[in-house]
Amino acid sequence: MVKKLLFLFLFTQILCVSAQEPEESDTLYINYLGQEKGLLQLNSKAIVIDSLGFLWVGTEDGLHKFDGYGFSPHVHDPNDDNSIKDDHIRGLLALKDTIFIASNSEGILGYQLSQEKYFSIPISKHLLDEKIAYNAFLLDKSKVLFSLKNNFVIYDLVSRKAQVYQLPKKNKETFIQSVVRLENEKYLLGTSESGLLQFNLQEKNLEVFPLFQDTNVKSLLQIENRLFVGTKDGFSIVSPENKIEKEVSIPEVKCFYHFSENELLIGTETGLYTYHLTSEKAKKLILKTDTKKIYGNVGINDIIGDDKGNLWMGTEGEGVIYYNQYQKKFNTLKIRLKEYPNHENISPFQFLAQDDDLWIGTELGMVKYTEATQEFKLYEQAKKNLIYTIRKDKEGRIWAGGFDAGLLKYNPETDSFQQYLHDKNNRKSISNNDVIEIIPIDSQTLWVCTWTGGINEFNMETEAFKPLLIKGQVLNRARIAYQDSQGFYWLGTDEGLFKLKGKKLMAIFSKEQEGDKRLINDRIFAITEDNNQNIWVGTAAGISMIQKGEKSMAHYGKQKGLPNDFIYSLMVDDENQLWMGTNYGVSVFNQETKSFRNFTEKDGLQNNEFNGKAGYEDENGNFYLGGMRGINIFNPKDIEENPYLPDVYIHQIDLFNQPIKANELYEDHLFFKSKENVLTLNYTSLNFLNPEKINYKYILEGFDKDWRSVTQEKSTTYTNLPPGEYIFRVTSTNDVGKWSENCDELKITIVPPWYQTTWFKILGIVVIILLLMLFYYTKTRKLKKDKLVLEDRVRERTLSLKNSNSKLQISYADLEEKNNNIQFLMKELDHRVKNNLQIVSSFLNIQANSVTSDKAKEILFVAKNRISSISIIQDLLSNEHEEFILPDFIKKFTEKILTLLGNESERKFMVIYELEENTPAVSINSVLIGLILNELITNVYKYAFPSYEDKNKVIIDCQFKGASIQLKVKDNGKGFSTKDKSSSSLGLEIVGEMVDQLNGSIDIKSSNGVQILILIPI
């Protein structure tokens, strides 16, 4: 009985070892490629990578090519003889320039990549099952095995001959599902109904393998002489002696992939498993995307990888799953509070690491995280309040503050906080309960910054608060403070940046300042100092750098490569790079290259959005960044980034926005006609990891002077390219901004029209030279003939001209004599007019002396002046042309009239001239102008002033107003009385008539003197 119990115990232990169950699951972060990327059908049966690095996926609805951004489907078109003959694909094999396709109803097909040509591979005219294919396997450099229904074919790639082998007959359809090479051209074949078969390629012999007979062998893999056999019950490990070492019970195995030295990936009908070769433990992997979608029980049909850390999985009904070992760079610590079990996401805002504890200021209060126990503790004091600041004072004591939380002091003995709140009855209490920053000043003093109560100076010994003014002013919302290596304090507020030395304000930096005091934005959330003692300021619109000594400023915003310019936190690593949390991930600024490197949720960040002030560096150089869904804790030196540089390809050319379909991917030189000069060049970078971060730069040599600006666009268009030779070059970065050394290039020739070709130009030059020579010969001959005729005509014309010249000299002498006579007559006429005017004036003067009536004398005196004014005009304009300068004429004429009216000592007023300078010459009736002035000045002389006084003034004004002349005579005399107006009415009537003759207008005002305004059109 005891022996039986011992036997049962040992048998049970053996079963437990040999039939091992998998451990609990782990998570693998992946990317999903489905219909949104252009995949027409989600049953991805097979995946291969071609010689250039492009991914090809076979589905039940066509063959799909993936270029890193999207799929290009190849489907059957009954109207296109070169389309794929069957859309239902079961297996793929990529070899150099060819992809072999195992189809459901057209057998084995081939696709020649360089020719973009599909072709069929005939197997046998007598084989009925050759149209039903399942897969293709490479045996050696020249042999391929095609899996068909109930048969398999060995195809020679060199001779292109096929040899058919029949599988053991079974009641059900049977076919080969996997192949593994043993040695000496011996192969193991895993079949659907015939179990394991051994095939000797050299001897062309097929026999049954001793293990797994009549078993559905799904997949085979050999690692160091150990054979892994996948079946519907899991997988088994077979020793070199053909003995089963271990059986692992997992769901039906569909494929194996040797992922790393000690790790095996296993695709099953219900998900992905990993098997550790050393510990011999299996574990299920939960597949999780950056959108938090989880693929737990998806069927994995195929797994392939490359040497750049990329891994693809074809699934049953879920498209293609993509994984890269460099994708997840960050781990996330999520805050879990037992008081709030339903809170999935709790936002952190401040951190402080002390020993093994991490203090976290959260939206729900003060939390302590103990790493050893991985437990979170929420403190009762200020519970439900947002904790916005945590600081350690000079003595190592912990202080905190937040909105409506007041000031908190930690007591390690009681593991609790003492709370300081505003008391309206205590003037020594804190001014406001919204504490947003704490600044340790010395062992006994804290500066406590509040939201609306300014800064409080707190004495830790007396526990008294008092207001702290900055240059006599209350400073609110000082949310961030930093003490630099020189001992200066920098306070960041909503009103800019304040630099202090103790309590003394040294400088203010803001958006409104000029020069080296100007910030990119006034709302500040982060301040730090780099290794060169430059101060960096994170604002709501980018970052500003204040150079050491405040010599200069530099600003970086969204337009300079920063994907989001709301900067919540700033930290500097050992390489003097700036790490910043933003509203769109984490950005790293390299000061040497002046470039940004950006990380998002796809890189493993808790979320793309981070929180204000939620950035911290501990004593070990670890960074803490908090956001909407937790905390990322990392050391910048440990971030493992993608080291591989991508291949770049020009894969399509569009002519006038239509593809030319010239298989551009495999062409080095393309030719276009002269009118085919609007080209769009499409290119892609095979960096499958985070393609949205890839940048490109390109140049069209022969057209562009330099490389075009960096862009994320995957195409560029050139219009109106002139005929000539061009070389288009393009390169790209990987997802972390490293430029690839691989540069694809394409030579483009725009063929000129026949009339722009070289031979035509040479022929044209020869013809032109011949025509010029003929023209020269003809012209020279004609010139000689014309010269003789011309010499005769010249002699005749010379004689005629001599005769005409003699006659012209005689005529000129006669005209000169007549001109002199006319000038003499004009001078004589001018003299006689002046004499006659003088005689008339003298007669009027004699007559005036002979009459006794004062009225008569006055009339004769006025008449005499009028005659004299005409004489003056005649004298002033005798040497002038038809046009004259009016202001000069007015001044000269007025002086002459005043002299006639009396000597200067008898004058009762001063004359002020307000005449416009630099006026153009005018052509108007100067006689009428002179007579008008004569009447106006005479009236002023006679009536305006009874006697001389210093204040008596007459203003004569002449201004050009557009197309008119404004003439104004104004005095400050006694003005018009009824009697005076009557006595001078004749003179004014005369003035009015003369103004009408000039088509002008007159306006007379009598107030504090007389003003006469005349407008005369030019």
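Along each chain, residues carry numbers from 1 onward, in the same order as the chain's sequence is written. Under the rules for a predicted model, residues below a pLDDT of 70 receive no local features and side-chain atom pairs below 80 are neither given nor counted, while totals for whole chains, interfaces and linings still include all residues. Excluding hydrogens and water, the side-chain figures rest on all heavy atoms present in the structure.

- Per an unreviewed UniProt entry, the protein goes by the name Two-component regulator propeller domain-containing protein and belongs to Mesonia profundi.

Some remarks on the overall build of the protein
- Secondary structure elements are defined from DSSP: runs of H or I of at least 4 residues count as helices, runs of E of at least 2 residues count as strands, and each element is numbered from the N terminus. A count of helical and extended segments in the protein gives seven helices and 72 strands.
- With 1018 residues in all, the protein has 48% of them scored as buried.
- The contact criterion used throughout is that any non-hydrogen atoms of two residues lie within 4.5 Å. Of all intrachain contacts in the protein linking residues separated by at least 6 positions in sequence, the fraction that spans at least 24 positions is 52%.
- Entry remark: accessible area of the protein is about 52,800 Å², with carbon and sulfur atoms responsible for 49%. Think of it in three bands: with a 1.4 Å probe and only protein chains considered, a residue is buried below 20% of the maximum accessible area for its type, exposed above 50%, and partly exposed in between. Areas reported here follow the Shrake-Rupley algorithm with a probe of radius 1.4 Å; residue values treat only the protein chains shown as occluding.

A look at the packing of helix α4 (residues 886–901) against helix α5 (residues 926–944)
- At a minimum axis separation of 10 Å, α4 and α5 run at an interaxial angle of 45 degrees. It follows that α4 is oblique to α5 by the angle criterion. At the point where α4 passes α5, the crossing takes the right-handed sense. Two secondary-structure elements touch here, α4 through Leu886, Phe889, Ile890, Phe893, Thr894, Ile897, Leu898 and Leu901 and α5 through Ser926, Ile929, Gly930, Leu933, Asn934, Ile937, Thr938 and Tyr941.
- Each residue is assigned to one of three groups, with Ala, Val, Leu, Ile, Met, Phe, Trp, Tyr, Cys and Pro labelled nonpolar, Asp, Glu, Lys and Arg labelled charged, and all others, Gly among them, labelled polar. Here the contact of α4 with α5 is composed, by residue class, of 11 nonpolar, five polar and no charged. Angles here are taken between N-to-C directions and fall from 0 to 180 degrees, while the axes themselves are lines fitted to C-alpha atoms, restricted in helices to the stretch in contact. Just so you know how the angles are binned, under 35 degrees is roughly parallel, over 145 roughly antiparallel, 65 to 115 roughly perpendicular, and the rest oblique. Here a crossing is called left-handed whenever its near helix is offset anticlockwise from the far helix by less than a right angle, and right-handed whenever the offset is clockwise.

Some thoughts on the side chain of Asp971
- Within the element layout of this structure, Asp971 appears in strand β70 (residues 964–971).
- When charges are counted, Lys and Arg contribute as positive and Asp and Glu as negative, whereas His and the chain ends are disregarded. Whenever Lys or Arg places a side-chain nitrogen within 4 Å of a carboxyl oxygen from Asp or Glu, that contact is recorded as a salt bridge. The side chain of Asp971 sits in the buried core without any salt bridge; Lys970 is the nearest counter-charge, 9.3 Å away.
- Non-local contacts of Asp971, meaning those with residues more than four positions away in its chain, are made with Val940, Ala944, Phe945, Lys953, Val954, Asn1008, Gly1009 and Val1010.

Side note on α5
- Expected helix span is given by 1.5 Å per residue-to-residue step, counting one fewer step than there are residues. Taking 1.5 Å of rise per residue, 19 residues should cover 27 Å, and α5 covers 26 Å from first to last C-alpha, within 8% of that figure.
- Burial runs high along α5: 17 of the 19 residues are buried.
- In protein, a polar contact requires one atom able to donate a hydrogen and another able to accept it; more generally it is a pair of N or O atoms within 3.5 Å, and residues adjacent in sequence count only if both atoms are side-chain atoms. The N-cap residue of α5 is Asn925: its side-chain oxygen and the backbone nitrogen of Val927 are 3.1 Å apart.

Quick notes on the sheet that holds strand β37 (residues 387–392)
- The pairing criterion for strands is at least two bridges between them, as found by DSSP. With antiparallel pairing, four strands are arranged side by side in an open sheet as β37-β38-β39-β40. Sheet topology places β37 and β40 (416–420) at the edges, where each strand pairs with a single neighbour. On average, each strand axis in the sheet is inclined to that of its neighbour by 25 degrees, with strand direction left out of account.
- Relative to strand β38 (residues 398–402), β37 runs antiparallel, the two sharing five bridges. By the bridge assignment for β38, Ile387 is matched with Gly402.

Some thoughts on the packing of aromatic side chains
- Only Phe, Tyr and Trp rings take part, Trp by its six-membered ring, and two of them pair if their centres are within 6.5 Å. Stacked means planes under 30 degrees apart, edge-to-face means over 60, and tilted covers everything else. Under the definition given, this model contains 66 aromatic pairs.
- Where Phe909 meets Tyr941, the ring centres are 6.3 Å apart and the plane angle is 80 degrees; that geometry is what we call edge-to-face. Note that Phe909 is positioned in the loop between α4 and β68 (910–915) and Tyr941 in helix α5, a separation of 32 residues in sequence. You'll find Phe909 and Tyr941 in the same group, each marked buried.
- Counting every residue linked through ring pairs, the aromatic cluster contains Tyr683, Tyr696, Tyr698, Phe703, Tyr718 and Phe728.
- A cation sits over an aromatic face here: Lys697 above Trp739, 4.7 Å from the ring centre.
- By definition, being over a ring means that NZ of Lys or CZ of Arg is both within 6 Å of the ring centre and within 35 degrees of the ring normal. In this structure, Lys714 packs its charged tip against the face of Tyr69, placed 4.4 Å from the ring centre.

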